[in-house]
Amino acid sequence: MEQLSTADCFLGAFRSIIDGWFYGLEEDVLAEGTIDPSDDAALARRADELLEQRLLEITRATPQFAAALRTYRAAQRQNNHATAEGWRLAGRPAHVAASIKRAAGIKGTWTTSLP
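Quick caveat: nothing in here was measured; it's all calculated off a predicted structure.

What counts, and at which threshold
- Residues numbered from 1 in each chain as written.
- Predicted model: local features only at pLDDT ≥ 70, side-chain atom pairs only at ≥ 80, totals over all residues.
- Heavy atoms only, no water.
- Helix = DSSP H or I, 4+ residues; strand = E, 2+ residues; numbered from the N terminus.
- Contact = heavy atoms within 4.5 Å.
- Areas by Shrake-Rupley, 256 points an atom, 1.4 Å probe, with all protein chains shown as cover.
- pLDDT = per-residue confidence, 0-100.
- Expected span 1.5 Å × (residues − 1).
- Buried < 20%, exposed > 50% of the residue type's maximum accessible area, 1.4 Å probe, protein only.
- Salt bridge = Lys/Arg side-chain N within 4 Å of Asp/Glu carboxyl O.
- Axes fitted to C-alpha atoms, helices over the stretch in contact; angles between N-to-C directions.
- Parallel < 35°, antiparallel > 145°, perpendicular 65-115°, else oblique.
- Left-handed = near helix turned anticlockwise from the far one by under 90°.
- Core = buried A, V, L, I, M, F, W, Y, C linked by side-chain atoms within 4.5 Å.

(A) Looking closely at the overall build of the protein chain. The number of helices and strands found in the protein chain is six helices and zero strands. Along the protein chain, helices and strands appear, N-terminal first, in the series α-α-α-α-α-α. For the protein chain, the share of sequence-separated contacts (at least 6 apart) that also reach a separation of at least 24 residues comes to 44%. As displayed, the protein chain has an accessible area near 6,900 Å², and 53% of this comes from carbon and sulfur atoms.

Pasting the structure below:
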């Protein structure tokens, strides 16, 4: 994961990919045409519902990873930069602080690897 790159990000592109995926959730919600784009609360609620639908398989396979994604997204929305940055989604072996993991209900070792 550390060497993951995209056209926009030479190394450590994992966070960029996750952030793009979250942006895509909101774009998909707006494309449904049922939410007023200026209603931030409704947009966030519907995007969270869509997130849960799309995380279903990941939650079954790696519940800690899904919990981390949920908590990372919530921290971003709340402008809680310390918690969001604490996840270290760059792909390096992560030493995530206990307080950050606790926010997601995660105990033990944390990695950003997928199944």
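(B) Fine view of the confidence of the model for the protein chain. Here the protein chain averages 83 in pLDDT, while 84% of its residues score no lower than 70. Confidence, expressed as mean pLDDT per element, reaches its minimum in the protein chain at helix H6 (residues 98–103) with 82 and its maximum at helix H2 (residues 40–54) with 95.

(C) Quick look at helix H4 (residues 63–77). Between its terminal C-alpha atoms H4 stretches 21 Å, which fits the 21 Å expected from 15 residues at 1.5 Å a residue. What H4 keeps buried is the set Phe65, Ala66, Ala67, Ala68, Leu69, Thr71, Tyr72, Arg73 and Ala75. In this fold, the buried residues of H4 make contact with helix H1 (14–32), H2, helix H3 (56–61), helix H5 (81–86) and H6. Looking one or two residues past H4, Asn79 carries a phi angle of roughly 55°, positive in sign.

(D) Quick peek at the pattern of salt bridges. Following the criterion strictly, the structure yields nine salt bridges and no others. For the salt bridge of Arg73 with Glu26, the shortest nitrogen-to-oxygen distance reads 3.6 Å. Taken together, the residues span a long stretch of sequence, with Arg73 in helix H4 and Glu26 in helix H1 at a distance of 47 residues. Note on Glu26: relative accessible area 23%, which makes it partly exposed. Residues Asp28 and Arg54 are paired through a salt bridge, measuring 2.8 Å at the closest nitrogen-oxygen approach.

(E) Geometry of the packing of H2 against H4. Here H2 crosses H4 at 165°, and the two axes come no closer than 12 Å. In terms of their interaxial angle, H2 and H4 are classed as roughly antiparallel. The interaxial crossing formed by H2 with H4 has right-handed handedness. Across from Ala44, Ala47, Asp48, Leu51 and Glu52 in H2, the residues of H4 making contact are Arg70, Arg73 and Arg77.

(F) Inspection of the side chain of Arg73 at higher detail. Residue classification places Arg73 among the buried positions, given a relative accessible area of 3%. Leave out the neighbours within four places in its chain, and Arg73 touches Phe22, Glu26, Ala44, Ala47, Asp48 and Leu51.

(G) Fine view of the environment of Ala68. Tracing the chain through its elements places Ala68 in helix H4. For Ala68, a relative accessible area of 3% translates into the label buried.

(H) Local environment of the nonpolar core. In terms of nonpolar packing, the biggest core is built from 25 residues, with Ile18, Phe22, Val29, Leu69, Tyr72, Trp87 and Ile106 touching the most fellow members. Counting residues per element, the ones that place at least two in this core are H1, H2 and H4. Ranked by residue count, the leading element in this core is H4, at seven residues. Excluding residues that lie within four positions of it along the chain, Ile106 makes contacts with Gln64, Ala67, Ala68, Trp87 and Lys101.

(I) Representation of the environment of Tyr23. As for its placement among the helices and strands, Tyr23 is situated in helix H1. Since its relative accessible area comes to 52%, Tyr23 is described here as exposed.

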